[in-house]
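Residue-level listing of the chains:
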Protein chains: 2
Amino acid sequence: MSQRVSALSIIDAIAGDLRRRIYAGDLVQGTPLTEAELAASYDVARPTAKAAIERLVADSLLERGAHKTARVKTLGAESVRDIYFARAFLESEVVRRLARTATVPEAARRANTEIEARLSQAATAIIDPDMDFHTALVDAMGNQRTSAMYRSLLGEVRLCMTRVQSLELLDSAQIASEHATILERIAAGDPEGAAGALDGHLAHARELLAAELEGNAGHRS
Amino acid sequence: MSQRVSALSIIDAIAGDLRRRIYAGDLVQGTPLTEAELAASYDVARPTAKAAIERLVADSLLERGAHKTARVKTLGAESVRDIYFARAFLESEVVRRLARTATVPEAARRANTEIEARLSQAATAIIDPDMDFHTALVDAMGNQRTSAMYRSLLGEVRLCMTRVQSLELLDSAQIASEHATILERIAAGDPEGAAGALDGHLAHARELLAAELEGNAGHRS
DNA sequence: CAAGTGTACTTGTTAGACAATCGTAGGGTT
DNA sequence: AACCCTACGATTGTCTAACAAGTACACTTG
(Lines give C-alpha, C1' and ligand atoms only; values in the text may rest on other atoms or scores of the structure.)
Protein backbone atom coordinates (compact mmCIF):
# COMPACT_ATOMS: atom_id res chain seq x y z
CA MET A 1 0.00 0.00 0.00
CA SER A 2 2.38 2.65 -1.20
CA GLN A 3 0.96 6.16 -0.80
CA ARG A 4 0.77 8.32 -3.89
CA VAL A 5 4.48 8.79 -4.01
CA SER A 6 5.37 9.90 -7.49
CA ALA A 7 6.31 13.56 -7.51
CA LEU A 8 9.33 14.54 -9.56
CA SER A 9 12.09 12.22 -8.45
CA ILE A 10 11.44 8.86 -6.88
CA ILE A 11 14.12 9.55 -4.33
CA ASP A 12 12.52 12.87 -3.41
CA ALA A 13 9.18 11.18 -3.07
CA ILE A 14 10.45 8.46 -0.78
CA ALA A 15 12.48 10.88 1.31
CA GLY A 16 9.42 13.10 1.57
CA ASP A 17 7.21 10.26 2.64
CA LEU A 18 9.68 9.10 5.27
CA ARG A 19 9.93 12.64 6.54
CA ARG A 20 6.17 12.82 6.81
CA ARG A 21 6.01 9.53 8.68
CA ILE A 22 8.69 10.61 11.11
CA TYR A 23 6.96 13.92 11.77
CA ALA A 24 3.65 12.15 12.21
CA GLY A 25 5.18 9.93 14.86
CA ASP A 26 4.55 6.91 12.69
CA LEU A 27 8.24 6.11 12.93
CA VAL A 28 9.37 6.38 16.53
CA GLN A 29 12.81 7.38 17.74
CA GLY A 30 15.36 4.63 17.31
CA THR A 31 13.36 2.74 14.69
CA PRO A 32 15.87 0.98 12.44
CA LEU A 33 15.50 1.51 8.70
CA THR A 34 17.49 -0.96 6.63
CA GLU A 35 18.02 -0.23 2.98
CA ALA A 36 16.68 -3.56 1.79
CA GLU A 37 13.58 -3.24 3.94
CA LEU A 38 12.81 0.24 2.62
CA ALA A 39 13.48 -0.80 -0.94
CA ALA A 40 11.04 -3.67 -0.59
CA SER A 41 8.30 -1.64 1.06
CA TYR A 42 8.41 1.11 -1.56
CA ASP A 43 9.12 -1.36 -4.32
CA VAL A 44 12.24 0.37 -5.60
CA ALA A 45 15.86 -0.69 -6.04
CA ARG A 46 18.17 -0.63 -3.06
CA PRO A 47 20.34 2.25 -4.33
CA THR A 48 17.21 4.37 -4.54
CA ALA A 49 16.29 3.60 -0.97
CA LYS A 50 19.89 4.23 0.03
CA ALA A 51 19.82 7.69 -1.55
CA ALA A 52 16.61 8.56 0.27
CA ILE A 53 18.16 7.49 3.56
CA GLU A 54 21.24 9.56 2.89
CA ARG A 55 19.07 12.57 2.23
CA LEU A 56 17.35 12.23 5.59
CA VAL A 57 20.68 11.69 7.31
CA ALA A 58 21.79 15.00 5.79
CA ASP A 59 18.64 16.53 7.26
CA SER A 60 19.55 15.05 10.65
CA LEU A 61 16.29 13.15 10.82
CA LEU A 62 18.12 9.85 10.70
CA GLU A 63 21.48 8.95 12.10
CA ARG A 64 23.85 6.21 11.20
CA GLY A 65 27.48 5.30 11.54
CA ALA A 66 29.57 3.61 8.89
CA HIS A 67 28.24 0.16 8.03
CA LYS A 68 25.46 0.49 10.53
CA THR A 69 21.72 0.56 10.01
CA ALA A 70 20.12 4.00 9.92
CA ARG A 71 17.84 4.77 12.83
CA VAL A 72 15.34 7.51 13.45
CA LYS A 73 17.11 10.20 15.42
CA THR A 74 16.88 10.14 19.18
CA LEU A 75 16.88 13.55 20.77
CA GLY A 76 18.50 13.91 24.17
CA ALA A 77 18.21 16.86 26.49
CA GLU A 78 21.56 18.25 25.42
CA SER A 79 20.64 18.05 21.74
CA VAL A 80 17.42 19.89 22.44
CA ARG A 81 19.31 22.63 24.26
CA ASP A 82 21.80 22.86 21.42
CA ILE A 83 19.01 23.15 18.84
CA TYR A 84 17.07 25.78 20.73
CA PHE A 85 20.20 27.76 21.50
CA ALA A 86 21.05 27.86 17.80
CA ARG A 87 17.51 28.94 17.00
CA ALA A 88 17.55 31.65 19.60
CA PHE A 89 20.93 32.83 18.40
CA LEU A 90 19.73 33.21 14.86
CA GLU A 91 16.14 34.28 15.35
CA SER A 92 16.77 36.82 18.08
CA GLU A 93 19.17 38.68 15.83
CA VAL A 94 16.61 38.44 13.02
CA VAL A 95 13.82 40.06 15.01
CA ARG A 96 16.27 42.64 16.34
CA ARG A 97 16.99 43.73 12.80
CA LEU A 98 13.36 43.59 11.74
CA ALA A 99 12.42 45.75 14.72
CA ARG A 100 15.05 48.29 13.77
CA THR A 101 13.00 49.10 10.68
CA ALA A 102 9.69 48.17 12.28
CA THR A 103 9.14 45.66 9.50
CA VAL A 104 6.43 43.17 10.42
CA PRO A 105 6.45 40.26 7.94
CA GLU A 106 2.97 39.78 6.59
CA ALA A 107 3.48 36.03 6.30
CA ALA A 108 4.32 35.80 10.00
CA ARG A 109 1.15 37.66 10.91
CA ARG A 110 -0.89 35.32 8.73
CA ALA A 111 0.75 32.26 10.28
CA ASN A 112 -0.13 33.41 13.78
CA THR A 113 -3.70 34.09 12.73
CA GLU A 114 -3.81 30.51 11.55
CA ILE A 115 -2.56 29.28 14.93
CA GLU A 116 -5.32 31.23 16.67
CA ALA A 117 -7.86 29.69 14.32
CA ARG A 118 -6.77 26.21 15.37
CA LEU A 119 -6.77 26.68 19.12
CA SER A 120 -9.74 24.39 19.53
CA GLN A 121 -8.09 21.57 17.61
CA ALA A 122 -5.51 19.05 18.79
CA ALA A 123 -2.25 20.52 20.04
CA THR A 124 -0.38 19.03 17.11
CA ALA A 125 -2.49 21.04 14.67
CA ILE A 126 -0.55 24.21 15.38
CA ILE A 127 2.84 22.73 14.54
CA ASP A 128 2.70 23.66 10.88
CA PRO A 129 1.64 27.28 11.32
CA ASP A 130 4.10 27.62 14.21
CA MET A 131 6.95 26.57 11.94
CA ASP A 132 5.61 28.91 9.28
CA PHE A 133 5.66 31.77 11.73
CA HIS A 134 9.33 31.39 12.60
CA THR A 135 10.33 30.65 9.02
CA ALA A 136 8.53 33.78 7.87
CA LEU A 137 10.55 35.88 10.29
CA VAL A 138 13.84 34.56 8.98
CA ASP A 139 12.77 34.77 5.36
CA ALA A 140 11.82 38.40 5.89
CA MET A 141 15.53 39.16 6.15
CA GLY A 142 15.64 38.61 2.43
CA ASN A 143 18.92 36.72 2.60
CA GLN A 144 18.91 33.40 0.77
CA ARG A 145 21.82 31.81 2.62
CA THR A 146 20.51 32.79 6.03
CA SER A 147 17.18 31.21 5.14
CA ALA A 148 19.00 28.12 3.91
CA MET A 149 20.99 27.84 7.12
CA TYR A 150 17.83 28.16 9.17
CA ARG A 151 16.12 25.59 7.03
CA SER A 152 18.89 23.10 7.78
CA LEU A 153 17.88 23.35 11.42
CA LEU A 154 14.19 22.95 10.74
CA GLY A 155 14.15 19.17 10.53
CA GLU A 156 15.34 18.79 14.08
CA VAL A 157 13.23 21.72 15.23
CA ARG A 158 10.20 19.97 13.90
CA LEU A 159 11.18 16.84 15.79
CA CYS A 160 11.30 18.89 18.96
CA MET A 161 8.00 20.59 18.29
CA THR A 162 6.26 17.33 17.59
CA ARG A 163 7.47 16.20 20.96
CA VAL A 164 6.45 19.34 22.78
CA GLN A 165 2.98 19.36 21.29
CA SER A 166 2.25 15.66 21.59
CA LEU A 167 3.26 15.75 25.25
CA GLU A 168 1.15 18.89 25.54
CA LEU A 169 3.88 20.67 27.42
CA LEU A 170 2.75 24.05 26.21
CA ASP A 171 -0.58 25.72 25.88
CA SER A 172 -1.33 26.64 22.28
CA ALA A 173 -2.99 29.87 23.29
CA GLN A 174 0.14 30.93 25.13
CA ILE A 175 2.24 30.25 22.05
CA ALA A 176 -0.03 32.42 19.93
CA SER A 177 0.11 35.13 22.55
CA GLU A 178 3.90 35.10 22.70
CA HIS A 179 4.06 35.30 18.93
CA ALA A 180 1.75 38.28 19.01
CA THR A 181 4.00 40.00 21.53
CA ILE A 182 7.00 39.48 19.29
CA LEU A 183 5.21 40.99 16.31
CA GLU A 184 3.96 43.86 18.41
CA ARG A 185 7.49 44.69 19.65
CA ILE A 186 8.75 44.57 16.07
CA ALA A 187 6.00 46.93 14.96
CA ALA A 188 6.87 49.23 17.86
CA GLY A 189 10.46 49.43 16.63
CA ASP A 190 11.77 47.93 19.87
CA PRO A 191 14.72 45.66 18.95
CA GLU A 192 15.65 44.53 22.45
CA GLY A 193 12.04 44.01 23.43
CA ALA A 194 11.39 41.87 20.39
CA ALA A 195 14.58 39.86 20.85
CA GLY A 196 13.82 39.41 24.53
CA ALA A 197 10.30 38.21 23.82
CA LEU A 198 11.61 35.73 21.28
CA ASP A 199 14.34 34.49 23.63
CA GLY A 200 11.74 33.96 26.33
CA HIS A 201 9.43 32.16 23.94
CA LEU A 202 12.14 29.72 22.91
CA ALA A 203 13.63 29.34 26.39
CA HIS A 204 10.23 28.37 27.66
CA ALA A 205 9.80 25.52 25.20
CA ARG A 206 13.44 24.53 25.53
CA GLU A 207 13.48 24.04 29.27
CA LEU A 208 10.17 22.25 29.40
CA LEU A 209 11.25 19.77 26.77
CA ALA A 210 14.77 19.34 28.14
CA ALA A 211 13.41 18.73 31.63
CA GLU A 212 10.97 16.19 30.25
CA LEU A 213 13.76 14.35 28.44
CA GLU A 214 16.01 14.38 31.46
CA GLY A 215 13.25 13.23 33.78
CA ASN A 216 12.02 10.06 32.15
CA ALA A 217 14.00 8.31 29.46
CA GLY A 218 11.08 8.96 27.22
CA HIS A 219 9.20 5.78 26.44
CA ARG A 220 5.58 6.56 25.91
CA SER A 221 3.47 5.30 23.12
CA MET B 1 46.45 8.24 -13.23
CA SER B 2 44.12 8.30 -10.29
CA GLN B 3 45.52 10.16 -7.30
CA ARG B 4 45.91 8.18 -4.12
CA VAL B 5 42.25 8.35 -3.39
CA SER B 6 41.47 5.68 -0.89
CA ALA B 7 40.72 7.19 2.51
CA LEU B 8 37.72 5.77 4.31
CA SER B 9 34.96 5.86 1.76
CA ILE B 10 35.66 6.02 -1.94
CA ILE B 11 32.92 8.57 -2.33
CA ASP B 12 34.41 10.75 0.39
CA ALA B 13 37.79 10.51 -1.24
CA ILE B 14 36.55 11.54 -4.67
CA ALA B 15 34.40 14.34 -3.28
CA GLY B 16 37.39 15.53 -1.28
CA ASP B 17 39.68 15.48 -4.28
CA LEU B 18 37.17 17.37 -6.41
CA ARG B 19 36.80 19.91 -3.65
CA ARG B 20 40.54 20.34 -3.53
CA ARG B 21 40.75 20.81 -7.29
CA ILE B 22 37.98 23.38 -7.27
CA TYR B 23 39.61 25.32 -4.45
CA ALA B 24 42.95 25.13 -6.21
CA GLY B 25 41.42 26.68 -9.29
CA ASP B 26 42.21 23.52 -11.22
CA LEU B 27 38.53 23.32 -12.12
CA VAL B 28 37.33 26.71 -13.29
CA GLN B 29 33.82 28.10 -12.89
CA GLY B 30 31.37 26.56 -15.30
CA THR B 31 33.47 23.48 -15.99
CA PRO B 32 31.06 20.65 -16.79
CA LEU B 33 31.51 17.43 -14.86
CA THR B 34 29.64 14.50 -16.34
CA GLU B 35 29.18 11.42 -14.25
CA ALA B 36 30.64 9.08 -16.82
CA GLU B 37 33.69 11.28 -17.32
CA LEU B 38 34.38 11.43 -13.59
CA ALA B 39 33.80 7.72 -13.19
CA ALA B 40 36.33 7.00 -15.91
CA SER B 41 38.99 9.38 -14.62
CA TYR B 42 38.83 8.03 -11.08
CA ASP B 43 38.26 4.49 -12.30
CA VAL B 44 35.10 3.91 -10.29
CA ALA B 45 31.53 3.02 -11.15
CA ARG B 46 29.17 5.72 -12.31
CA PRO B 47 26.91 5.55 -9.24
CA THR B 48 29.98 6.26 -7.11
CA ALA B 49 30.84 9.32 -9.18
CA LYS B 50 27.22 10.35 -9.04
CA ALA B 51 27.21 10.24 -5.26
CA ALA B 52 30.36 12.35 -5.11
CA ILE B 53 28.78 14.94 -7.39
CA GLU B 54 25.65 15.02 -5.29
CA ARG B 55 27.73 15.64 -2.22
CA LEU B 56 29.39 18.66 -3.79
CA VAL B 57 26.06 19.94 -5.03
CA ALA B 58 24.86 19.78 -1.42
CA ASP B 59 27.94 21.83 -0.51
CA SER B 60 27.00 24.35 -3.21
CA LEU B 61 30.32 23.85 -4.96
CA LEU B 62 28.60 22.42 -8.00
CA GLU B 63 25.20 23.25 -9.42
CA ARG B 64 22.94 21.27 -11.65
CA GLY B 65 19.35 21.11 -12.71
CA ALA B 66 17.36 17.94 -13.26
CA HIS B 67 18.81 15.84 -16.05
CA LYS B 68 21.53 18.37 -16.70
CA THR B 69 25.27 18.06 -16.37
CA ALA B 70 26.77 19.34 -13.12
CA ARG B 71 28.95 22.41 -13.48
CA VAL B 72 31.37 24.13 -11.17
CA LYS B 73 29.47 26.93 -9.48
CA THR B 74 29.65 30.38 -11.01
CA LEU B 75 29.50 33.17 -8.47
CA GLY B 76 27.80 36.37 -9.52
CA ALA B 77 27.97 39.68 -7.69
CA GLU B 78 24.61 39.14 -6.05
CA SER B 79 25.59 35.69 -4.78
CA VAL B 80 28.74 37.16 -3.31
CA ARG B 81 26.76 39.86 -1.55
CA ASP B 82 24.32 37.26 -0.26
CA ILE B 83 27.13 35.07 1.05
CA TYR B 84 28.97 37.89 2.77
CA PHE B 85 25.79 39.29 4.22
CA ALA B 86 24.99 35.91 5.76
CA ARG B 87 28.51 35.67 7.12
CA ALA B 88 28.35 39.14 8.60
CA PHE B 89 24.96 38.41 10.10
CA LEU B 90 26.22 35.31 11.85
CA GLU B 91 29.77 36.29 12.71
CA SER B 92 29.03 39.78 13.97
CA GLU B 93 26.61 38.38 16.52
CA VAL B 94 29.22 35.77 17.44
CA VAL B 95 31.92 38.31 18.21
CA ARG B 96 29.39 40.47 20.01
CA ARG B 97 28.70 37.62 22.38
CA LEU B 98 32.35 36.70 22.74
CA ALA B 99 33.18 40.30 23.57
CA ARG B 100 30.50 40.34 26.24
CA THR B 101 32.58 37.88 28.24
CA ALA B 102 35.89 39.09 26.81
CA THR B 103 36.55 35.55 25.59
CA VAL B 104 39.30 35.49 23.00
CA PRO B 105 39.42 32.08 21.29
CA GLU B 106 42.93 30.73 21.44
CA ALA B 107 42.51 29.00 18.10
CA ALA B 108 41.63 32.29 16.42
CA ARG B 109 44.73 33.93 17.83
CA ARG B 110 46.88 31.08 16.55
CA ALA B 111 45.28 31.27 13.12
CA ASN B 112 46.05 34.95 12.82
CA THR B 113 49.63 34.36 13.92
CA GLU B 114 49.86 31.86 11.10
CA ILE B 115 48.59 34.44 8.63
CA GLU B 116 51.25 36.88 9.78
CA ALA B 117 53.87 34.20 9.33
CA ARG B 118 52.87 33.78 5.70
CA LEU B 119 52.77 37.41 4.66
CA SER B 120 55.82 36.97 2.46
CA GLN B 121 54.27 34.05 0.58
CA ALA B 122 51.74 34.07 -2.23
CA ALA B 123 48.43 35.73 -1.43
CA THR B 124 46.64 32.39 -1.70
CA ALA B 125 48.74 30.98 1.14
CA ILE B 126 46.70 32.83 3.74
CA ILE B 127 43.36 31.38 2.66
CA ASP B 128 43.54 28.38 4.95
CA PRO B 129 44.50 30.23 8.12
CA ASP B 130 42.00 32.96 7.25
CA MET B 131 39.21 30.38 7.12
CA ASP B 132 40.53 28.88 10.34
CA PHE B 133 40.34 32.27 12.01
CA HIS B 134 36.70 32.81 11.25
CA THR B 135 35.77 29.20 11.96
CA ALA B 136 37.50 29.42 15.32
CA LEU B 137 35.38 32.42 16.26
CA VAL B 138 32.15 30.60 15.50
CA ASP B 139 33.30 27.38 17.14
CA ALA B 140 34.12 29.31 20.28
CA MET B 141 30.40 29.75 20.83
CA GLY B 142 30.37 26.08 21.76
CA ASN B 143 27.16 25.41 19.89
CA GLN B 144 27.28 22.45 17.56
CA ARG B 145 24.38 23.45 15.33
CA THR B 146 25.59 26.99 14.91
CA SER B 147 28.98 25.66 13.86
CA ALA B 148 27.28 23.27 11.47
CA MET B 149 25.24 26.05 9.92
CA TYR B 150 28.34 28.16 9.48
CA ARG B 151 30.16 25.22 7.96
CA SER B 152 27.44 24.88 5.34
CA LEU B 153 28.40 28.34 4.17
CA LEU B 154 32.11 27.65 4.14
CA GLY B 155 32.26 26.02 0.74
CA GLU B 156 31.02 29.09 -1.02
CA VAL B 157 33.01 31.35 1.26
CA ARG B 158 36.12 29.53 0.23
CA LEU B 159 35.21 30.01 -3.41
CA CYS B 160 34.95 33.73 -2.76
CA MET B 161 38.23 33.88 -0.89
CA THR B 162 40.09 32.01 -3.57
CA ARG B 163 38.82 34.62 -5.97
CA VAL B 164 39.73 37.56 -3.76
CA GLN B 165 43.21 36.29 -3.09
CA SER B 166 44.04 35.13 -6.60
CA LEU B 167 42.98 38.49 -7.98
CA GLU B 168 44.99 40.06 -5.17
CA LEU B 169 42.17 42.39 -4.32
CA LEU B 170 43.22 42.67 -0.71
CA ASP B 171 46.52 43.09 1.03
CA SER B 172 47.29 40.15 3.30
CA ALA B 173 48.85 42.39 5.91
CA GLN B 174 45.66 44.40 6.10
CA ILE B 175 43.63 41.26 6.63
CA ALA B 176 45.87 40.21 9.49
CA SER B 177 45.62 43.68 10.97
CA GLU B 178 41.83 43.71 10.80
CA HIS B 179 41.74 40.31 12.47
CA ALA B 180 43.97 41.61 15.22
CA THR B 181 41.63 44.55 15.77
CA ILE B 182 38.67 42.20 16.12
CA LEU B 183 40.47 40.09 18.71
CA GLU B 184 41.61 43.19 20.54
CA ARG B 185 38.05 44.55 20.76
CA ILE B 186 36.84 41.19 22.03
CA ALA B 187 39.55 41.15 24.67
CA ALA B 188 38.57 44.70 25.65
CA GLY B 189 35.00 43.55 26.23
CA ASP B 190 33.68 45.93 23.58
CA PRO B 191 30.81 44.11 21.80
CA GLU B 192 29.85 46.85 19.39
CA GLY B 193 33.45 47.66 18.57
CA ALA B 194 34.22 44.03 17.81
CA ALA B 195 31.07 43.59 15.72
CA GLY B 196 31.78 46.82 13.87
CA ALA B 197 35.35 45.79 13.11
CA LEU B 198 34.15 42.45 11.81
CA ASP B 199 31.42 44.04 9.70
CA GLY B 200 33.95 46.40 8.19
CA HIS B 201 36.37 43.56 7.54
CA LEU B 202 33.74 41.58 5.64
CA ALA B 203 32.20 44.59 3.89
CA HIS B 204 35.62 45.47 2.57
CA ALA B 205 36.16 42.12 0.92
CA ARG B 206 32.55 41.93 -0.18
CA GLU B 207 32.44 45.18 -2.10
CA LEU B 208 35.81 44.69 -3.74
CA LEU B 209 34.85 41.26 -5.01
CA ALA B 210 31.32 42.26 -5.99
CA ALA B 211 32.60 45.26 -7.91
CA GLU B 212 35.15 43.07 -9.66
CA LEU B 213 32.45 40.60 -10.68
CA GLU B 214 30.14 43.33 -11.88
CA GLY B 215 32.87 45.05 -13.82
CA ASN B 216 34.12 42.34 -16.14
CA ALA B 217 32.09 39.23 -16.81
CA GLY B 218 34.98 37.33 -15.39
CA HIS B 219 36.84 35.39 -18.05
CA ARG B 220 40.47 35.23 -17.20
CA SER B 221 42.69 32.23 -17.44
C1' DC C 1 15.24 31.38 -43.39
C1' DA C 2 12.03 29.35 -39.86
C1' DA C 3 10.01 25.54 -37.71
C1' DG C 4 9.61 20.82 -36.64
C1' DT C 5 11.86 16.49 -36.14
C1' DG C 6 15.42 13.23 -34.91
C1' DT C 7 19.40 11.71 -33.00
C1' DA C 8 23.23 11.59 -29.74
C1' DC C 9 24.46 12.47 -25.11
C1' DT C 10 23.44 12.46 -20.34
C1' DT C 11 21.05 11.43 -16.34
C1' DG C 12 17.53 8.50 -13.51
C1' DT C 13 16.63 4.08 -12.08
C1' DT C 14 16.84 -0.88 -11.95
C1' DA C 15 18.73 -5.63 -11.30
C1' DG C 16 21.89 -8.72 -9.53
C1' DA C 17 26.20 -9.68 -7.48
C1' DC C 18 30.35 -9.75 -4.48
C1' DA C 19 33.51 -7.96 -0.87
C1' DA C 20 33.99 -5.76 3.56
C1' DT C 21 32.32 -5.04 7.98
C1' DC C 22 29.58 -5.31 12.26
C1' DG C 23 26.94 -7.78 15.89
C1' DT C 24 26.05 -11.81 17.96
C1' DA C 25 25.92 -16.46 19.16
C1' DG C 26 28.38 -20.44 19.82
C1' DG C 27 32.38 -23.24 21.05
C1' DG C 28 36.71 -23.85 23.26
C1' DT C 29 39.85 -22.86 27.14
C1' DT C 30 41.16 -21.90 31.79
C1' DA D 1 31.29 -21.71 35.41
C1' DA D 2 33.26 -17.55 33.42
C1' DC D 3 35.79 -15.56 29.73
C1' DC D 4 37.89 -15.10 25.22
C1' DC D 5 38.00 -16.23 20.48
C1' DT D 6 35.92 -17.65 16.28
C1' DA D 7 32.39 -18.31 12.90
C1' DC D 8 28.14 -17.09 11.07
C1' DG D 9 24.33 -14.03 9.59
C1' DA D 10 22.84 -9.65 8.43
C1' DT D 11 23.83 -5.22 6.42
C1' DT D 12 26.23 -1.92 4.01
C1' DG D 13 29.69 -0.34 0.27
C1' DT D 14 30.65 -0.79 -4.33
C1' DC D 15 30.59 -2.71 -9.00
C1' DT D 16 28.91 -4.18 -13.69
C1' DA D 17 25.48 -3.93 -17.09
C1' DA D 18 21.49 -2.25 -18.87
C1' DC D 19 17.22 0.26 -20.08
C1' DA D 20 14.19 4.32 -19.83
C1' DA D 21 13.58 9.14 -19.98
C1' DG D 22 14.80 13.68 -20.67
C1' DT D 23 17.70 17.54 -22.86
C1' DA D 24 20.27 19.87 -26.37
C1' DC D 25 21.75 20.45 -30.76
C1' DA D 26 21.90 19.62 -35.61
C1' DC D 27 19.54 18.44 -39.49
C1' DT D 28 15.97 18.25 -42.65
C1' DT D 29 12.03 20.16 -44.66
C1' DG D 30 8.61 23.59 -45.95
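Residues numbered from 1 in each chain as written. Chains lettered and ligands numbered in written order. Predicted model: local features only at pLDDT ≥ 70, side-chain atom pairs only at ≥ 80, totals over all residues. Heavy atoms only, no water.

(A) Quick peek at the interface of chain A and chain B. Contact residues are listed per partner, giving 24 residues for chain A and 24 residues for chain B. Carbon and sulfur atoms make up 56% of the surface buried where chain A meets chain B, a total of about 2000 Å² over both sides. Ranking the residues of chain A by area buried against chain B places F89(A), R145(A) and M149(A) at the top, with a combined share of 38%. Ionic pairing is found between D82(A) and R145(B), a salt bridge with its closest N-O pair at 3.1 Å. At the junction of chain A with chain B, the criterion picks out eight residue pairs in polar contact (both at pLDDT 80 or more). Looking at which element gives the most residues to the side of chain A that touches chain B, the answer is helix α4 (residues 77-100) of chain A, with 12 residues. Of the residues belonging to the side of chain A that touches chain B, the class tally is 10 nonpolar, seven polar and seven charged. (Contact = heavy atoms within 4.5 Å. Buried area = accessible area lost by both parts, 1.4 Å probe. Salt bridge = Lys/Arg side-chain N within 4 Å of Asp/Glu carboxyl O. Polar contact = N/O pair within 3.5 Å; in protein donor to acceptor, adjacent residues only side chain to side chain. Helix = DSSP H or I, 4+ residues; strand = E, 2+ residues; numbered from the N terminus. Nonpolar A, V, L, I, M, F, W, Y, C, P; charged D, E, K, R; others polar.)

(B) Broad picture of the protein's contact with DNA strand D. Inspection of the region around DNA strand D gives 18 residues, with R46(A), K50(A), I10(B), A45(B) and T48(B) positioned closest. Put simply, 76% of the atoms of DNA strand D that lie within 4 Å of the protein are in sugar or phosphate. For DNA strand D, a base oxygen lies 2.8 Å from a polar atom in the side chain of R46(A). A distance of 3.4 Å separates a phosphate oxygen of DNA strand D from a polar atom in the backbone of A45(B). Looking at which element gives the most residues to the surface near DNA strand D, the answer is helix α3 (residues 46-58) of chain B, with three residues. For the surface near DNA strand D, the residue count by class is five nonpolar, six polar and seven charged. (Near = heavy atom within 4 Å.)

(C) Expanded view of the sheet that holds strand β1 (residues 32-33) of chain A. All names here are of chain A. With respect to topology, three strands assemble into an open sheet ordered β1-β3-β2, the strand pairing being antiparallel. Two strands in the sheet have a free side with no partner beyond their single neighbour: β1 and β2 (62-63). As paired elements, β2 and strand β3 (residues 70-72) share two bridges and run antiparallel to each other. Each residue of the ladder has a partner; that of L62, found in β3, is V72. (Pairing = 2+ DSSP bridges.)

(D) How the structure looks around the domain arrangement of chain A. Residues and elements named next belong to chain A. Domain annotation of chain A identifies domain 1 (10-72) and domain 2 (77-215). A straight line from the C-alpha centre of domain 1 to that of domain 2 covers 28 Å. Across the boundary between the two partners, domain 1 contributes six residues, which contact six residues of domain 2. For the pair domain 1 and domain 2, the summed buried surface comes to about 550 Å²; carbon and sulfur atoms form 57% of the total. (Domains from an automatic or database assignment.)

(E) Seen up close, the packing of helix α6 (residues 127-139) of chain B against helix α8 (residues 172-187) of chain B. All names here are of chain B. Axis separation between α6 and α8 bottoms out at 11 Å; the angle between their running directions is 15°. On the basis of their axis angle, the class for α6 and α8 is roughly parallel. The handedness of the crossing between α6 and α8 comes out as left-handed. Within the contact between the two elements, α6 uses D130, F133, H134 and L137 and α8 uses I175, H179, L183 and I186. (Axes fitted to C-alpha atoms, helices over the stretch in contact; angles between N-to-C directions. Parallel < 35°, antiparallel > 145°, perpendicular 65-115°, else oblique. Left-handed = near helix turned anticlockwise from the far one by under 90°.)

(F) Summary view of the protein's contact with DNA strand C. Within the structure, DNA strand C sits among 17 residues, and I10(A), T48(A), E35(B), R46(B) and K50(B) are positioned closest to it. Counted by atom, the contact set of DNA strand C within 4 Å of the protein is 79% sugar and phosphate. Take I10(A): an N or O atom from its main chain is 2.8 Å from a phosphate oxygen of DNA strand C. Here K50(B) contributes a side-chain N or O atom positioned 2.5 Å from a phosphate oxygen of DNA strand C.

(G) Seen up close, the packing of aromatic side chains. According to the stated counting rule, one finds zero aromatic pairs over all chains in the structure shown. Over the face of the ring belonging to Y23(B) we find R158(B), whose NZ or CZ atom lies 4.7 Å from the ring centre. (Phe/Tyr/Trp six-rings, centres within 6.5 Å; stacked < 30°, edge-to-face > 60°. Lys NZ or Arg CZ within 6 Å of the ring centre and 35° of its normal.)

(H) View of unusual backbone geometry. A positive phi is found at A102(A), a non-glycine position, where the angle reads about 50°. Structurally, A102(A) is set in the loop between α4 and α5 (106-117). The residue D43(B) is not glycine, and still its phi comes out positive at about 60°. With respect to the helices and strands, the residue D43(B) is situated in the loop between α2 (35-42) and α3.

(I) A look at the pattern of salt bridges. Under the counting rule described, the total for this entry stands at 48 salt bridges over all chains. The shortest N-O distance in the salt bridge between E184(A) and R185(A) comes to 2.5 Å.

(J) Main features of the relation of the copies chain A and chain B. Superposing chain A onto chain B takes a rotation of 180° combined with a translation of 0.0 Å along the rotation axis, leaving an RMSD of 0.0 Å. The transformation just described matches what one would write down for a two-fold rotation axis. Relative to the rotation axis, the C-alpha of M149(A) is the closest in chain A, positioned 2.7 Å from it. Same-surface contact between copies: 100% of interface residues of chain A are shared with the interface of chain B. (Least-squares fit on C-alpha atoms with pLDDT ≥ 70 in both.)

(K) Representation of the side chain of S147(A). Residue and element names in this part refer to chain A. As for its position among the elements, S147 is in helix α7 (residues 144-166). Classification of S147 as buried rests on a relative accessible area of 10%. Setting aside chain neighbours within four positions, we find S147 in contact with V138 and D139. (Buried < 20%, exposed > 50% of the residue type's maximum accessible area, 1.4 Å probe, protein only.)

(L) Spatial organisation of the sheet that holds strand β2 (residues 62-63) of chain B. Residue and element names in this part refer to chain B. Read from one edge to the other, the open sheet built from three strands follows the order β1-β3-β2, with strand pairing classed as antiparallel. Every interior strand has two partners, whereas the edge strands, β1 (32-33) and β2, have only one. The pairing of β1 with strand β3 (residues 70-72) spans two bridges and is antiparallel. Counted as the bridge partner of L33 is A70 from β3.

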